[in-house]
Amino acid sequence: MSDFTLFLGKFLKQGTAIASLAPSSPWLSRATVRNIDWTAARVIVELGAGTGPITRVLAAKALPGCRVVVLERDPDFCRLLHERFTGRTGLDVVEGDVRDLTAILADRGIGQADYIVSGLPVPSFPRDLQQALFRVVRQVLRPEGAFNQITELPWVYLRFYRKYFEDVQFVFEPRNLPPAGAYFCRRVKPIA
Ligand SMILES: C[S@@+](CC[C@H](N)C(=O)[O-])C[C@H]1O[C@@H](n2cnc3c(N)ncnc32)[C@H](O)[C@@H]1O
């Protein structure tokens, strides 16, 4: 089965938990990690990896001393990610929910991450899950780190992410279908 067919099937069954018809294109995947300083990054966490288009870029670009922890909740996507990336030194595929990220990292001896790259459908999450996500980001992201978030609705959620972060920049990627982009968010605010 192709990645597109698997992904579309998941979207038809799970709707807003997937919130996209197709995996991110290579252009969007590269744009989403454009701000990463590969020479300085020691820990990168990917959330909601799906079939792994962004994971592929992380696996190719992360230097040998950098740990990459790839989290995905769906067991079928996880099986595929294991087939594709297990054996890549320093890269760990984990089946689990983002709510448990702090414990998942602690189990691997990791306290904080330099970058969190998210493919999660955050705006479709219920408010309690949004707040749990940003609480966990505040716990595990280094103060100078960045939270990178893909979107298929360019600019629409700028105000939303500015509610949670002091500094939010948007990068547009017109070659994705649909045209898409990524938010680069820094300095997460305290959650009330
Ligand atoms: C829009 S897809 C993005 C997939 C991939 N990153 C890409 O760019 O093509 C969102 C992914 O987030 C996963 N996901 C949704 N809720 C999650 C949660 N609470 N914890 C972990 N993963 C979750 C879904 O299973 C899905 O694979």
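Quick notes on the rules
- Throughout, a residue's number is its position along its own chain's written sequence, starting from 1.
- With the structure being a predicted model, the display of local features is reserved for residues of pLDDT at least 70 and the display and counting of side-chain atom pairs for 80 or more, all residues being used for whole-chain, interface and lining totals.
- Think of the side-chain values as coming from all heavy atoms in the structure, minus any hydrogens and water.
- Axis lines are fitted to C-alpha atoms, over the contacting stretch for helices. Their N-to-C directions set the angle, which ranges from 0 to 180 degrees.
- Secondary structure follows DSSP: runs of H or I at least 4 residues long count as helices, runs of E at least 2 residues long count as strands, and numbering of each begins at the N terminus.
- By definition in this entry, angles of less than 35 degrees are roughly parallel, angles greater than 145 are roughly antiparallel, angles of 65 to 115 are roughly perpendicular, and the rest are oblique.
- If you view the pair so one helix is near and one far, a crossing is left-handed when the near helix is turned anticlockwise from the far one by less than a right angle, and right-handed when it is turned clockwise.
- Pairs of residues are marked as contacts when any of their non-hydrogen atoms sit within 4.5 Å.
- Put simply, a nonpolar core is a bunch of buried Ala, Val, Leu, Ile, Met, Phe, Trp, Tyr and Cys residues held in one set by side-chain atoms that sit within 4.5 Å of each other.
- Buried residues are those whose accessible area, probed at 1.4 Å on protein chains only, stays under 20% of the maximum for their type, while exposed residues exceed 50% and partly exposed ones sit between those limits.
- Throughout this description, the term salt bridge denotes a Lys or Arg side-chain nitrogen within 4 Å of a carboxyl oxygen of Asp or Glu.
- The criterion for strand pairing is that DSSP finds at least two bridges linking the strands in question.
- Centres within 6.5 Å are what make two rings of Phe, Tyr or Trp a pair, Trp counting through its six-membered ring; a difference in plane orientation under 30 degrees is then read as stacked, over 60 as edge-to-face, and the rest as tilted.
- A molecule or strand has a residue near it when one of that residue's heavy atoms lies within 4 Å.
- Pairing of N or O atoms within 3.5 Å defines a polar contact, subject to two protein rules: one partner must be a possible hydrogen donor and the other a possible acceptor, and residues neighboring in sequence count only if both atoms are side-chain atoms.
- The method behind every accessible area is Shrake-Rupley, applied with a 1.4 Å probe, and residues are considered shielded solely by the protein chains displayed.
- Polar here means any residue outside two lists: the nonpolar Ala, Val, Leu, Ile, Met, Phe, Trp, Tyr, Cys and Pro, and the charged Asp, Glu, Lys and Arg; Gly therefore counts as polar.

What to know about the packing of helix α3 (residues 53-61) against helix α4 (residues 75-85)
Piece 1. Viewed as axis vectors pointing N to C, α3 and α4 meet at an angle of 25°, and their least axial separation amounts to 11 Å. Judged by the angle between their axes, α3 and α4 are roughly parallel. Relative to α4, the crossing made by α3 is right-handed. Taking contact as the criterion, the partners of Thr55, Arg56 and Ala59 in α3 are, on α4, Leu81, Arg84 and Phe85.

Some points on the nonpolar core
Piece 1. Core analysis: the biggest nonpolar cluster contains 35 residues, and Phe134 and Phe147 have the highest contact counts within it.
Piece 2. The element best represented in this core is helix α6 (residues 127-140), accounting for six residues.
Piece 3. What Phe147 contacts, discounting residues up to four positions off in sequence, is Ile116, Ser118, Leu133, Phe134, Val137, Leu141, Tyr161, Phe165, Tyr183, Phe184 and Cys185.
Piece 4. Residues Leu28, Ala41, Tyr115 and Ala180 belong to the second largest nonpolar core, which totals 25 residues.

Observations concerning the pattern of salt bridges
Once the charged atoms of two side chains with opposite charge are near each other, the side chains can pair.
Piece 1. Evaluated as defined, the whole model comprises nine salt bridges.
Piece 2. Across the pair Asp3 and Arg84 runs a salt bridge, and its minimum N-O distance is 2.8 Å. Taken together, the positions of Asp3 in helix α1 (residues 3-14) and Arg84 in helix α4 put the pair 81 residues apart, joining distant regions of the chain.
Piece 3. Among the residues examined, Asp3 registers a relative accessible area of 22% and is labelled partly exposed.
Piece 4. A salt bridge links Asp74 to Lys10; its shortest N-O distance comes to 3.1 Å.

Topic: the side chain of Thr32
Piece 1. Within the fold, Thr32 resides in helix α2 (residues 26-32).
Piece 2. Apart from residues lying up to four places away in sequence, Thr32 is in contact with Ile54, Val117, Asn148, Ile150, Ala182 and Phe184.

Some remarks on unusual backbone geometry
Note on backbone geometry: most residues besides glycine have negative phi, and most peptide bonds are trans.
Piece 1. Across the junction of Leu177 and Pro178, the peptide omega takes the value 0°, indicating a cis bond.
Piece 2. Although it is not a glycine, Arg187 adopts a positive phi angle of roughly 60°.
Piece 3. Within the secondary structure layout, Arg187 lies in strand β7 (residues 180-188).
Piece 4. Taking the relative accessible area as the measure of exposure, Arg187 reaches 46% and is therefore partly exposed.

Describing the sheet that holds strand β6 (residues 165-173)
Piece 1. Pairing is mixed across the open sheet formed by seven strands, whose spatial order is β3-β2-β1-β4-β5-β7-β6. In this open sheet, the two edge strands, each paired with only one partner strand, are β3 (91-95) and β6. Going across the sheet, the axis of each strand differs from the next one's by a mean of 15°, ignoring polarity.
Piece 2. Here five bridges tie strand β4 (residues 113-118) to strand β5 (residues 141-151), and the two strands are oriented parallel to one another.

Points about the packing of aromatic side chains
Piece 1. The final tally for this structure, using the stated rule, is 13 aromatic pairs.
Piece 2. A centroid spacing of 6.2 Å and a plane angle of 75° characterise the contact between Tyr157 and Phe160, whose relative ring orientation is edge-to-face.
Piece 3. Judged by relative accessible area, which is 13%, Phe160 ranks as buried.
Piece 4. Ring centres of Phe160 and Tyr161 lie 4.9 Å apart, and the angle between their planes is 85°; on these two criteria the pair is classed as edge-to-face.
Piece 5. Here the aromatic cluster, defined as three or more aromatic residues joined through ring pairs, consists of Phe134, Phe147, Trp155, Tyr157, Phe160, Tyr161, Tyr164, Phe165, Phe170, Phe172 and Tyr183.

A closer look at the site of the ligand
Piece 1. Inspection of the region around the ligand gives 23 residues, with Ile18, Ser24, Gly48, Glu72 and Gly119 positioned closest.
Piece 2. One of the side-chain N or O atoms of Ser24 is found 2.5 Å from an oxygen atom in the ligand.
Piece 3. Note that a nitrogen atom of the ligand is positioned 2.8 Å from one of the backbone N or O atoms of Gly48.
Piece 4. The fraction of the free accessible surface of the ligand (600 Å²) that becomes covered by protein chains is 98%.
Piece 5. In the shell around the ligand, the residues fall into 13 nonpolar, six polar and four charged.

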